[in-house]
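Observations on chain architecture
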Amino acid sequence: MANEEKLAINGGKPVRDKFLPYGRQWLDESDIQSVIEVLKGDYLTTGPFISEFESKVANYVGSKYAVAFSNGTAALHGACYAAGISNGDEVITTPITFAASANCILFQRGKPVFADIDPVTYNIDPASVEGLITPKTKAIIPVDFTGFPADLDSIHFIASKHNLIVIEDAAHALGATYKGKKIGSISDMTMFSFHPVKNITTGEGGIIATNNISFYEKLIQFRSHGITRDIKKMKQHPGNWYYEMKLLGYNYRMTDIQAALGISQLKKLEYYNEKRKYIAELYNQELKNIKQIKLPAMAAGYLSSWHLYVIRVNSSQVKVGRNQIINALQKENLGVNVHYIPVYYHPYFQGLGYEKGLCPNAEELYEEIITLPLYPLMSDDDIFDVIKAVKKVIEYYAISND
Ligand SMILES: *Cc1c(COP(=O)(O)O)cnc(C)c1O
């Protein structure tokens, strides 16, 4: 029977002739010109565009400071350093994220502790976080999964009760708001990523937004070898050529080339996010009657930046597993994806002793999720191709249509 089904669904013409990726950047002539300008100038790295990009991002998200990094993962590493994470400190995060949210804890020799997710929003569940706090807990890393803010009030309430630092992984959430506040203005440190699939890009890039001057100063030193040229911080000052290395830092600097691209992209962020919202709302409207799938959560006071659109298949209402549905959608030429494999399922984490069964809600979610294509350059035809293909495949595998 499986073979006949395969023939019937894939034997016909796919909904699309041309492959549609799940995400991609949008660069125009002004972005290209801004990069060329840097290439013709005096500074390729750590010149005037870095500080301009930092102050524009800080201004946009409503933080006092922002520190640019070579990528979002390096920025998270910097934040863990600035938060003082070291040998054996426990940091609580979610398993439904990219591995970097937990790897940054390991970089500092801390221990990632995985809290389960809320089955409605798919974000970290504050009740689960609270249950995992020990005297060794130092920080919480919530992730604004898909651009939908985590339950930040509850997380900050728990953090202040236990004296923990909150490092928000907002790689998906540039432009999102929580109860009227921009993401980036709320947590002790907030990370944004500028990888090409994210809401704006610098090729590779990341930034930490913070209101805390002590974190700010640590981040600045950490991203550039732990070196200072600030006379007030030196043991001696024999001349202007002199500098001191004060801690074991890294070379995690962003280039001016990247920063110039970021400045140009930032001008278009609101427009891009409007387009993302438009696409998400079309999906919401056109897919809401398919009872075999669950659409993303919405809630009053939360404004998503719609980085990803994740549908959840109700396993009990379809004849096949999620993987087979993905294969069928891919045969329709849709670049569907899975965000995310629970972090501790990865062989590296299994090798560290993390076992399956740790976070049941996350594990159940993982078996049922599919990320649909979503990026601002999609045309209406692209959007309706996705809708058509999802309807075609889900209806084909549905157990009953009444
Ligand atoms: C993209 C991403 C990161 C890492 O950012 P890079 O810039 O790719 O290093 C971290 N966390 C999440 C949730 C991400 O999506």
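That block above? That's the structure.
First things first, this report covers the structure right here in the doc. It should be emphasised that the depicted structure is a prediction, and the values quoted were computed from it without experimental measurement. (Residues numbered from 1 in each chain as written. Predicted model: local features only at pLDDT ≥ 70, side-chain atom pairs only at ≥ 80, totals over all residues. Heavy atoms only, no water.)

Details of the overall build of the protein
Regarding its fold elements, the protein presents 14 helices and 15 strands. Projected onto its principal axes, the C-alpha positions of the protein cover 80 × 55 × 40 Å. Here the protein, with 402 residues, has 55% of them falling under the buried criterion. In the protein, once contacts between residues fewer than 6 apart in sequence are set aside, the share between residues at least 24 apart is 73%. If you sum the accessible surface of the protein, you get close to 17,700 Å²; carbon and sulfur atoms cover 53% of it. (Helix = DSSP H or I, 4+ residues; strand = E, 2+ residues; numbered from the N terminus. Buried < 20%, exposed > 50% of the residue type's maximum accessible area, 1.4 Å probe, protein only. Contact = heavy atoms within 4.5 Å. Areas by Shrake-Rupley, 256 points an atom, 1.4 Å probe, with all protein chains shown as cover.)

Looking at the site of the ligand
By nearness alone, 17 residues border the ligand, and Gly72, Thr73, Asp169, Ser193 and Lys198 come closest of all. One nitrogen or oxygen atom from the main chain of Gly72 is found 2.8 Å from an oxygen atom belonging to the ligand. Note that an oxygen atom of the ligand is positioned 3.0 Å from one of the side-chain N or O atoms of Lys198. Out of a free accessible area of 380 Å², the ligand has 93% covered by protein chains. Across the shell around the ligand, the residue classes break down as 6 nonpolar, 9 polar and 2 charged. (Near = heavy atom within 4 Å. Polar contact = N/O pair within 3.5 Å; in protein donor to acceptor, adjacent residues only side chain to side chain. Nonpolar A, V, L, I, M, F, W, Y, C, P; charged D, E, K, R; others polar.)

Some points on the sheet that holds strand S1 (residues 65–69)
Here 7 strands make up an open sheet; going across it, the order is S1-S9-S8-S5-S4-S2-S3 and the pairing mixed. Each end of this open sheet is capped by a strand with a single partner; those strands are S1 and strand S3 (111–114). Pairs of neighbouring strands in the sheet enclose a mean axial angle of 25°, with direction left out of account. Pairing of strand S2 (residues 90–93) with strand S4 (residues 137–141), which is carried by 4 bridges, proceeds in the parallel orientation. What sits directly across from Glu90, in S4, is Thr137. Helix-sheet contacts for helix H3 (residues 48–61) involve S1, strand S8 (189–193) and strand S9 (206–210), and the interaxial angle to S1 is about 130°. Helix H5 (residues 100–107) rests against S2, S3, S4 and strand S5 (165–169) of the sheet, and its axis sits at about 145° to S3. (Pairing = 2+ DSSP bridges. Axes fitted to C-alpha atoms, helices over the stretch in contact; angles between N-to-C directions.)

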